[in-house]
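Listed below, chain by chain, are the residues.
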Amino acid sequence: GLAQPLAGPALERIVRRVEAGLGAPAWPPTSVLEDVWRSLQSVLISSAFGLPILAVLFVIGALFPPAVVVTVPLKIAVTAVLITWDLCDYPLSIRGIPVARRVAFLADNARAVFGFGLGLALLSLLPCLLLLALPAGVAGAARLIVLLERHDSAEKQARGSQPAPPALP
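Note that the structure is a prediction, hence the values are computed from the model and not measured.

Scanning the protein from N- to C-terminus turns up six helices and zero strands. Listing the helices and strands of the protein from first to last along the sequence gives α-α-α-α-α-α. Principal-axis analysis of the C-alpha atoms places the extent of the protein at approximately 55 × 55 × 25 Å. Taken over 169 residues, the protein has a buried fraction of 34%. Surface exposure of the protein reaches about 10,100 Å², of which carbon and sulfur atoms provide 74%.

Shown next, in the form of structure tokens:
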């Protein structure tokens, strides 16, 4: 549980390098304490929302074993969302984006970020592999966020150059 917050400064350096390689704007440097604090906030948010859901699914599966047909896929889905939040939060928090806007951005791009997280959730079924893949996951999240931002920006520009549809009566 402490591995990610303690690795926060190193993971944020990975994000900055990936984004620089993609030509994204550089974000202001931050202190090590700020990096650790942001990482800890991310873990606390995901734990506050994800752990109760996983606990309920565990209890349902323990009390009614046939329910595992439903609870196991739901656990994988919840894990995918948690992993997505943890990894995608690094590139978003570096920008100083408030938590509510980070959540909204991920919700607006739910299919892409859920697919990213689902792959990593399946990888996490192998013990300790996700911890070893954490740096690659953060690099992938940084790349994904930059590409999603560019896509969103291109869509907004395309909508801005087109005439507005007629209003419905």
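This part is about a nonpolar patch on the surface. The grouping of Val 68, Val 69, Val 70, Val 72 and Leu 74 at the surface amounts to a nonpolar patch, some 420 Å² of accessible area in total. Secondary-structure assignment places Val 69 in helix H3 (residues 68–94).

Moving on, we get to the pattern of salt bridges. Following the criterion strictly, the structure yields three salt bridges and no others. Across the salt bridge formed by Asp 89 and Arg 102, the nearest N and O atoms sit 2.5 Å from each other. Here the residue Asp 89 occupies a position in helix H3, and Arg 102 occupies one in helix H4 (residues 99–108), the gap between them amounting to 13 residues. A relative accessible area of 7% means that Arg 102 is categorised as buried.

With that out of the way, let us pick up H3. Relative to the 39 Å expected for 27 residues at 1.5 Å per residue, H3 spans 39 Å between its end C-alpha atoms, a close match to the ideal helical length. In H3, a bend of some 35° at Cys 88 exceeds every other bend along the element, and Pro 91, a proline, comes one to four places later. The first or second residue beyond H3 is Gly 96, which carries a positive phi of 80°.

With that settled, the discussion passes to the environment of Pro 25. Following the sequence through the fold, Pro 25 ends up in the loop between helix H1 (3–21) and helix H2 (32–63). Along the sequence, Pro 25 and Gln 41 sit 16 residues apart, while their C-alpha atoms lie 24 Å from each other.

Here Ser 46 lies in helix H2. Within the local environment of Ser 46, its side chain forms a polar contact with the side chain of Asp 86, the two groups lying 3.1 Å apart.

Every α-helix carries 3.6 residues per turn, so stepping three or four residues along brings you back to the same face. By the burial criterion, the buried members of H4 are Arg 102, Phe 105 and Leu 106. The buried side chains of H4 occupy one side of the element, clustering within an arc of 95° when seen end-on. H4 presents Ala 100, Arg 101, Ala 107 and Asp 108 as exposed residues on the side facing more than 90 degrees away from its buried surface.

Remark: H3 packs on helix H5 (residues 110–123), axes separated minimally by 7 Å, with the N-to-C direction vectors making an angle of 110°. Taken together, the axes of H3 and H5 lie roughly perpendicular to each other. Residues Ile 76, Ala 77, Thr 79, Ala 80, Val 81, Ile 83, Thr 84, Leu 87 and Cys 88 of H3 lie in contact with H5, whose contacting residues are Val 113, Phe 114, Phe 116, Gly 117, Leu 118, Leu 120, Ala 121 and Leu 122.

With that settled, consider the environment of Ile 60. Considering the arrangement of structural elements, one finds Ile 60 in helix H2. Apart from the residues lying within four places of it in its own chain, the contact partners of Ile 60 are Ala 67 and Thr 71.

Counting residues in each nonpolar core, the largest one holds 24 residues, and the members touching the most others are Leu 87, Cys 88, Leu 106, Phe 116 and Val 138. Within the residue set of this core, elements represented by two or more residues are H1, H3, H4, H5 and helix H6 (129–161). For this core, the leading source of residues is H3, giving eight residues. Beyond its immediate stretch of four places on either side in the chain, Phe 116 contacts Leu 87, Cys 88, Gly 137, Gly 140, Ala 141 and Leu 144.

Scoring rules and cut-offs
Residues numbered from 1 in each chain as written. Predicted model: local features only at pLDDT ≥ 70, side-chain atom pairs only at ≥ 80, totals over all residues. Heavy atoms only, no water. Helix = DSSP H or I, 4+ residues; strand = E, 2+ residues; numbered from the N terminus. Buried < 20%, exposed > 50% of the residue type's maximum accessible area, 1.4 Å probe, protein only. Areas by Shrake-Rupley, 256 points an atom, 1.4 Å probe, with all protein chains shown as cover. Patch = residues over 30% accessible without salt bridge, like charges linked within 9 Å, V, L, I, M, F, W, Y side chains within 5 Å. Salt bridge = Lys/Arg side-chain N within 4 Å of Asp/Glu carboxyl O. Expected span 1.5 Å × (residues − 1). Bend = angle between axes of the 7 residues up to and from the residue. Polar contact = N/O pair within 3.5 Å; in protein donor to acceptor, adjacent residues only side chain to side chain. Arc of directions from axis to C-beta. Axes fitted to C-alpha atoms, helices over the stretch in contact; angles between N-to-C directions. Parallel < 35°, antiparallel > 145°, perpendicular 65-115°, else oblique. Contact = heavy atoms within 4.5 Å. Core = buried A, V, L, I, M, F, W, Y, C linked by side-chain atoms within 4.5 Å.

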